Amino acid sequence: MDLVVPPGPGIPSGLVIPDACLEESFSRSSGPGGQGVNTTDSRVQLALDIAACSAFTERQRERLLERLSSRLVGTTLVVDASELRHQRRNRVAARERMAAMLREALAPPPPSRRATRPTRGSVQRRLAAKKRRSQTKSLRGRPSD
């Protein structure tokens, strides 16, 4: 089953990652499941080798490798899902999590902040408030003779 990344910033028409690029492995989960947790392989580990996948353009590949560098093992993105009791649901959860990570990493960076100066009125209001606060505090001292 192919992984579908919904449209968003940076990928206006969405993205489909072929199943051949994905590698799924299953193991026993430590999460919920009662006695069945010891007998069923409900934990899902989904891996995607970004450098080898043909679904990305060169620019997208560079952006993914740069933005996801802290999450990568070499050039492979690995996502685990073990919070649900059923392997099928964990497979769906892992795919949704990977699609969200890819969508977020492919989004262009936000525009840089333009430096501005405070208005004259805001500066005057701030100084007046400081003066009022100073007078209030000075009245709390011992009375002078």
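Here the structure is shown first, and the text comes after it.
Quick caveat: nothing in here was measured; it's all calculated off a predicted structure.

We now examine the pairing of strand β4 (residues 43–49). Pairing of strand β3 (residues 22–27) with β4 involves 6 bridges; the strand directions are antiparallel. Its bridge partner being in β4, Leu22 is matched across the sheet by Leu48. Looking at chain direction, β4 and strand β6 (residues 76–81) are connected through 6 bridges and run antiparallel. Counterpart to Leu46 in the pairing with β6 is Val79.

Right, let's get into the pattern of salt bridges. For the structure shown, the criterion picks out 6 salt bridges. Linking Arg43 and Asp80 is a salt bridge whose minimum nitrogen-to-oxygen distance equals 3.1 Å. One end of the pair, Arg43, is in strand β4; the other, Asp80, is in strand β6, and 37 residues separate them in sequence. Put simply, Glu58 and Arg61 hold a salt bridge, and the shortest N to O gap is 3.2 Å. Of this pair, Glu58 and Arg61 both sit in helix α1 (residues 58–67), separated by 3 residues, roughly a single helical turn. The class of Arg61 is buried, set by a relative accessible area of 13%.

Looking now at the environment of Asp19. Following the sequence through the fold, Asp19 ends up in the loop between β2 (15–17) and β3. For Asp19, a relative accessible area of 35% translates into the label partly exposed.

Membership of the largest hydrophobic core comes to 28 residues, with the highest contact counts inside it found for Ile17, Leu48, Phe56, Leu68, Met98 and Leu102. If you list the elements that add at least two residues to this core, you get β1 (3–5), β2, β4, β6 and α2 (87–106). Looking at this core element by element, the count peaks at 8 residues for α2. Here Ile17 is in contact with Asp2, Leu3, Val5, Leu22, Leu48, Cys53, Ala55, Phe56 and Leu102, once residues within four sequence places are set aside.

In this section: the sheet that holds β4. Read across the open sheet, the 4 strands follow the order β3-β4-β6-β5; overall the sheet is antiparallel. If you trace the sheet from one side to the other, it starts and ends with β3 and β5 (72–73), each paired once. Here α2 sits on the sheet and contacts β3, β4 and β6; the angle it forms with β6, its principal contact strand, is near 140 degrees.

Each pair of packed helices gets described by two things: the angle between the helix axes and the distance between those axes. In the contact formed by α1 and α2, the axes pass within 9 Å of each other and the chain directions differ by 105 degrees. The orientation of α1 with respect to α2, classified from their angle, is roughly perpendicular. Where α1 approaches α2, its residues Gln60, Arg63, Leu64 and Arg67 are matched on the opposing element by Leu102, Glu104, Ala105 and Leu106. Of the residues in the contact of α1 with α2, the class split is 4 nonpolar, 1 polar and 3 charged.

Its place among the elements puts Gly8 in the loop between β1 and β2. Taking C-alpha positions, Gly8 is 6.9 Å from Arg103, a pair spaced 95 residues apart along the chain.

Parameters and conventions
- Residues numbered from 1 in each chain as written.
- Predicted model: local features only at pLDDT ≥ 70, side-chain atom pairs only at ≥ 80, totals over all residues.
- Heavy atoms only, no water.
- Pairing = 2+ DSSP bridges.
- Helix = DSSP H or I, 4+ residues; strand = E, 2+ residues; numbered from the N terminus.
- Salt bridge = Lys/Arg side-chain N within 4 Å of Asp/Glu carboxyl O.
- Buried < 20%, exposed > 50% of the residue type's maximum accessible area, 1.4 Å probe, protein only.
- Core = buried A, V, L, I, M, F, W, Y, C linked by side-chain atoms within 4.5 Å.
- Contact = heavy atoms within 4.5 Å.
- Axes fitted to C-alpha atoms, helices over the stretch in contact; angles between N-to-C directions.
- Parallel < 35°, antiparallel > 145°, perpendicular 65-115°, else oblique.
- Nonpolar A, V, L, I, M, F, W, Y, C, P; charged D, E, K, R; others polar.

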